[in-house]
Amino acid sequence: MFQDTYSGLINPDVLNIFLAISLVLESLLSIVGVAGNIISIVVFSQQGYRETTNISLTALALSDIGAILTLQTYSIMSNPFMLNADVNFDPVDFTLNYIGWIKSPNTNTTFLGIIFRQNRDAIFAISYFITDLAVPYFTFAIIIVCTSFTVTSLITSSSWRKSLAGAASDVKSRRYRKERKLIPMLSVISVVFIVCQIPQSVLLTVTTVIRKLTIRGKYFDISSCCYIVIVFMENINSAVNPLVYYKMSKKYRDTCRKLFRKYLFH
């Protein structure tokens, strides 16, 4: 059971209640997030993919759906309902196993089975370095660089169009206004992503230094509570993008309303 596996500072019953409540809240948020991103994909497909922005935002919506489902799977696996269940399954040991060919000396046959990795400490050391330090901060760097490059390109392009736009240049003028509106929307999406991901990076960095906070560590119950909050923030990050599109894009709002009128009030 959970309380037998980790002996930390938090009362096991309190921790189990907290994890159970978090599972319910995260499940509700996951449903909202998946539904919102599916609506976004439908909206962008209705608008067409002649504009590269719609392709990028569709890819982002698919990525958000994948992130939500992955986070929900983690929450279920690490919840006391799963940890206290009478099943021969441990989400931590599961990551240290792999499927491979096993040779039976008794029958002199080879069969496909689950093999336990003996070098679990080495695997954890490499895994923590990659997932806790390299990947999060590298992702931040990529997001900042790409967003800065995109925003700079849009500002340069819109300024050029503004200089060419005259009384007879309605197309260029409309394109200029569209690009200017796109800049704050992309900036908000990037800022929300970074703000929601910073707590996870901080926690992962701390667990790299303080090993007792890692999985199977003495104080894993503390980092587990922190990580539940972080997972909730990551769910918010994945679920909030459709609201940003609806708030900051008139074209998105118009297409969304048109679809709702078509399918709900037809």
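Residues numbered from 1 in each chain as written. Predicted model: local features only at pLDDT ≥ 70, side-chain atom pairs only at ≥ 80, totals over all residues. Heavy atoms only, no water.

A. Structural view of the overall build of the protein chain. A count of helices and strands for the protein chain gives 9 helices and 2 strands. Of the regular secondary structure in the protein chain, the N- to C-terminal order runs α-α-α-α-α-β-β-α-α-α-α. Across the 266 residues in the protein chain, those meeting the buried criterion constitute 35%. For the protein chain, contacts bridging at least 24 residues in sequence account for 68% of all contacts bridging at least 6. (Helix = DSSP H or I, 4+ residues; strand = E, 2+ residues; numbered from the N terminus. Buried < 20%, exposed > 50% of the residue type's maximum accessible area, 1.4 Å probe, protein only. Contact = heavy atoms within 4.5 Å.)

B. Up close: the packing of aromatic side chains. Evaluation of the coordinates by the stated rule reveals 3 aromatic pairs. When the ring of Phe44 is compared with that of Tyr245, the centres are 5.5 Å apart and the planes differ by 70°; the resulting orientation is edge-to-face. Taken together, the positions of Phe44 in helix H2 (residues 12–47) and Tyr245 in helix H8 (residues 220–248) put the pair 201 residues apart, joining distant regions of the chain. As far as burial versus exposure is concerned, Phe44 and Tyr245 are alike and both buried. (Phe/Tyr/Trp six-rings, centres within 6.5 Å; stacked < 30°, edge-to-face > 60°.)

C. A look at helix H3 (residues 52–77). Here H3 spans 38 Å end to end across 26 residues, near enough to the 38 Å set by a 1.5 Å rise per residue. Buried within H3 we find Asn54, Leu57, Thr58, Ala61, Asp64, Ile65, Ile68, Leu71, Gln72 and Ser75. (Expected span 1.5 Å × (residues − 1).)

D. Local environment of the side chain of Ser190. For Ser190, the position within the fold is in helix H7 (residues 170–209). Apart from residues lying up to four places away in sequence, Ser190 is in contact with Ile143 and Thr147.

E. Quick peek at the side chain of Asn54. The residue Asn54 is located in helix H3 in this model. Looking at Asn54, the relative accessible area reads 4%, which means it is buried. At a separation of 2.8 Å, a polar atom in the side chain of Asn54 contacts the main-chain carbonyl oxygen of Gly48. Apart from the residues within four sequence positions on either side, Asn54 is in contact with Phe44, Gln47, Gly48 and Tyr49. (Polar contact = N/O pair within 3.5 Å; in protein donor to acceptor, adjacent residues only side chain to side chain.)

F. Up close: the confidence of the model for the protein chain. With 70% of its residues at a pLDDT of 70 or more, the protein chain has an overall mean of 76. Considering only residues more than four positions removed or in separate chains, one finds that residues 1–6, a stretch of pLDDT under 50, has 14 contacts. (pLDDT = per-residue confidence, 0-100.)

G. Structural view of the packing of H8 against helix H9 (residues 250–264). At a minimum axis separation of 5 Å, H8 and H9 run at an interaxial angle of 105°. As summarised for this structure, H8 and H9 are arranged roughly perpendicular, according to the angle between their axes. Packed against H8, whose contacting residues are Pro242, Tyr245, Tyr246, Lys247 and Met248, the element H9 presents Lys250, Tyr252, Arg253, Cys256 and Arg257 at the interface. Counted by class, the contact of H8 with H9 contains 6 nonpolar, no polar and 4 charged residues. (Axes fitted to C-alpha atoms, helices over the stretch in contact; angles between N-to-C directions. Parallel < 35°, antiparallel > 145°, perpendicular 65-115°, else oblique. Nonpolar A, V, L, I, M, F, W, Y, C, P; charged D, E, K, R; others polar.)

H. Fine view of the nonpolar core. Counting residues in each nonpolar core, the largest one holds 15 residues, and the members touching the most others are Leu57, Met185, Ile189 and Tyr245. Taken together, the elements giving at least two residues each to this core come down to H2, helix H6 (120–164), H7, H8 and H9. Here this core gets 5 residues from one element, more than from any other, and that element is H7. In this structure, Leu71, Leu203, Tyr227 and Ile230 belong to the second largest nonpolar core, which totals 5 residues. (Core = buried A, V, L, I, M, F, W, Y, C linked by side-chain atoms within 4.5 Å.)

I. Highlighting the packing of H2 against H3. Here H2 crosses H3 at 160°, and the two axes come no closer than 9 Å. Classified by the interaxial angle, the pair formed by H2 and H3 is roughly antiparallel. Every pair of crossing elements has a handedness; the one defined by H2 and H3 is left-handed. Taking contact as the criterion, the partners of Leu23, Glu26, Ser27, Ser30, Gly33, Val34, Asn37, Ile38, Ile41, Phe44 and Gln47 in H2 are, on H3, Asn54, Leu57, Thr58, Ala61, Leu62, Asp64, Ile65, Ile68, Leu69, Gln72, Ser75 and Ile76. (Left-handed = near helix turned anticlockwise from the far one by under 90°.)

J. Geometry of the environment of Phe129. Tracing the backbone shows Phe129 in helix H6. Each C-alpha atom of the pair Phe129 and Thr208 lies 7.5 Å from the other, and the pair is 79 residues apart in sequence.

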